[in-house]
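A structural walkthrough
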Amino acid sequence: MSAIDDLPPLREVIREHALSARKSLGQNFLLDLNLTARIARAAGPLENATVVEIGPGPGGLTRALLALGAAHVIAVEHDARAIPALEAIGRRYPGRLEIVCADAQTFDPGPYLGSTRAKIVANLPYNIATNLLIGWLSIEPWPPWYDMMVLMFQREVAERIIARENEDAYGRLGVLANWRAETKILFDISPSAFVPQPKVTSSVVRLVPRATPEPCDRRALEQVAAAAFNQRRKMLRQSLKSLPADPLRLLAAADIDPMRRAETVPVSGFVAMARELADIRNEKSNR
């Protein structure tokens, strides 16, 4: 018997269904059910909660979510080989697991959720993890359909997500993530916990959407951050020249010294520059 339920150990499930991890799908299976339960608890309380899980694979995290009380788990799995293993979990928890064979990058949760808000909990495939996160952070209108994300990334990516000004990992991803969410690394997971073992440590990150982020146009914010960090070693008066606006005007609006570099500017500074960039665009369109 496993630590969380009376279903077979995950190694047996993988062997029974021939679920060898595929590099092309970014698969690294987490087999320690104590760790999957720890991830699930990080999204708690789960009673009465609806959870969207991306890339469940053999279902270790799925089992933990259901065992800890999630009322409805929507498991989005691109690999059809894993569906029979997930169906066995569904029989153990009747009426609570909905399996969707789909690509997470194009999956629309709307028809499955209606007006229900959900949590996103996932051991994300490494090869699409950042793109998925950016998509979830870019949802319009805001606030989004989820009220929390508990996600696993490579440690390097996790550090970029939570990074603030004057930290080495600070960049475009940190600006977007911390503008729209409160972010925190909860704990690390050793490569030895996975099959196959990745070459890097993984980290579980919690992101809680801000109900009212500082107002600005998201696309303008992304454009300013991209310009600033694409030439992060240059002073902002130089790196922002790629924008369709006078860099000095943007910097003055945000009260930022033109000789500063991107990594020293807090999220609020990028927001202020983005608002000014949006105003300039409006001025041009109204001429």
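Structure report, in brief. All residue numbers refer to position in the chain's written sequence, counted from 1. pLDDT decides what is reported in this predicted model: residues at 70 or higher carry local features, side-chain atom pairs at 80 or more are listed and counted, and totals for whole chains, interfaces and linings draw on all residues regardless. To get the side-chain values, all heavy atoms of the structure are used, and hydrogens and water are removed first.

**Considerations on the packing of helix α8 (residues 172-180) against helix α9 (residues 218-230)**
Here an angle of 0 to 180 degrees is reported between the N-to-C directions of two axes, which are lines fitted to C-alpha atoms, with helices fitted over the stretch in contact. Per the convention used, a helix needs a DSSP run of H or I reaching at least four residues, while a strand needs a run of E reaching at least two, with both numbered from the N terminus. Running from N to C, α8 and α9 point in directions that differ by 150°, and their axes come no closer than 9 Å. Taken as axis vectors, α8 and α9 run roughly antiparallel relative to one another. Viewed along their axes, α8 and α9 form a crossing whose handedness is right-handed. Residues R172, V175, L176, W179 and R180 of α8 form the contact with α9, whose own contacting residues are R218, L221, E222, A225, A226, F229 and N230. Should an angle fall under 35 degrees it is called roughly parallel, over 145 degrees roughly antiparallel, and 65 to 115 degrees roughly perpendicular, with every other angle called oblique. For any pair of crossing helices, the crossing counts as left-handed if the nearer helix is rotated counterclockwise from the farther one by less than a right angle, and right-handed if it is rotated clockwise. Residue contacts are counted whenever heavy atoms from the two residues lie within 4.5 Å of one another.

**Quick word on the sheet that holds strand β9 (residues 202-209)**
Here the rule is simple: two strands pair whenever DSSP picks up at least two bridges between them. Read from one edge to the other, the open sheet built from seven strands follows the order β4-β3-β2-β5-β6-β9-β7, with strand pairing classed as mixed. Since the sheet does not close on itself, it has two edges, and those belong to β4 (97-101) and β7 (181-189), each with one partner. Ignoring strand direction, the axes of neighbouring strands in this sheet form an average angle of 20°. In the sheet, strand β3 (residues 72-77) pairs with β4 via five bridges, with the strands oriented parallel. Paired with V73 across the two strands is L97, which belongs to β4. On the sheet, α8 packs against β7 and β9 and is oriented at approximately 115° with respect to β7.

**Section: the side chain of D5**
Its location among the elements puts D5 in the segment before α1 (10-16). Here's how the labels work: a residue is buried when its accessible area is under 20% of the maximum for its type, exposed when over 50%, partly exposed in between, all with a 1.4 Å probe on protein chains only. The exposure class assigned to D5 is buried, which follows from its relative accessible area of 4%. A polar contact is formed between the side chain of D5 and the backbone nitrogen of L7, at a distance of 3.1 Å. Among the polar contacts listed, one links the side chain of D5 to the side chain of R63, at a separation of 2.7 Å. With sequence-adjacent residues up to four places away left out, D5 is seen in contact with R63 and Y93. For this analysis, a polar contact is any N or O atom pair within 3.5 Å, provided that within protein one partner can donate a hydrogen and the other can accept it, and provided that sequence-adjacent residues contribute only side-chain to side-chain pairs.

**As for the packing of α9 against helix α12 (residues 267-285)**
In a packed pair of helices, the relevant descriptors are the angle between the two axes and the axis-to-axis distance. Interhelical geometry of α9 versus α12 gives an angle of 115° and a closest axis separation of 8 Å. Note that α9 runs across α12; the crossing there is right-handed. Residues A220, L221, Q223, V224, A225, A228 and F229 of α9 form the contact with α12, whose participating residues are F270, V271, M273, A274, L277 and R281. Here the residues of the contact of α9 with α12 are counted per class, giving eleven nonpolar, one polar and one charged. Three categories are distinguished: nonpolar for Ala, Val, Leu, Ile, Met, Phe, Trp, Tyr, Cys and Pro, charged for Asp, Glu, Lys and Arg, and polar for the others, with Gly belonging to the last.

**As for the pairing of β3**
Side-chain positions along a regular strand alternate between the two faces of the sheet. Among the six residues that make up β3, five are buried, leaving the element largely enclosed by the rest of the structure. Crossovers are marked right-handed if the path from the first strand over the helix to the second runs clockwise, as seen with the strands pointing away from the viewer. Considered for its hand, the β-α-β crossover made up of strand β2 (residues 50-54), helix α3 (residues 60-67) and β3 is right-handed. One crossover worth recording links β3 to the parallel β4 by way of helix α4 (residues 83-92), and it is right-handed.

**Some remarks on the pairing of strand β5 (residues 118-123)**
Among the six residues that make up β5, six are buried, leaving the element largely enclosed by the rest of the structure. Residues A118, I120 and A122 line one face of β5 and the alternating positions K119, V121 and N123 line the opposite face, and both faces are buried. Pairing analysis gives two bridges linking β2 to β5, with the strands arranged parallel. Opposite V52, over in β5, you have I120 as the bridge partner. Of the strand pairs in this sheet, β5 and strand β6 (residues 146-154) are connected by six bridges, and their pairing is parallel. Looking across to β6, one finds that V121 is bridged to V150. The β-α-β motif built from β5, the intervening helix α6 (residues 129-137) and the parallel element β6 has right-handed crossover chirality.

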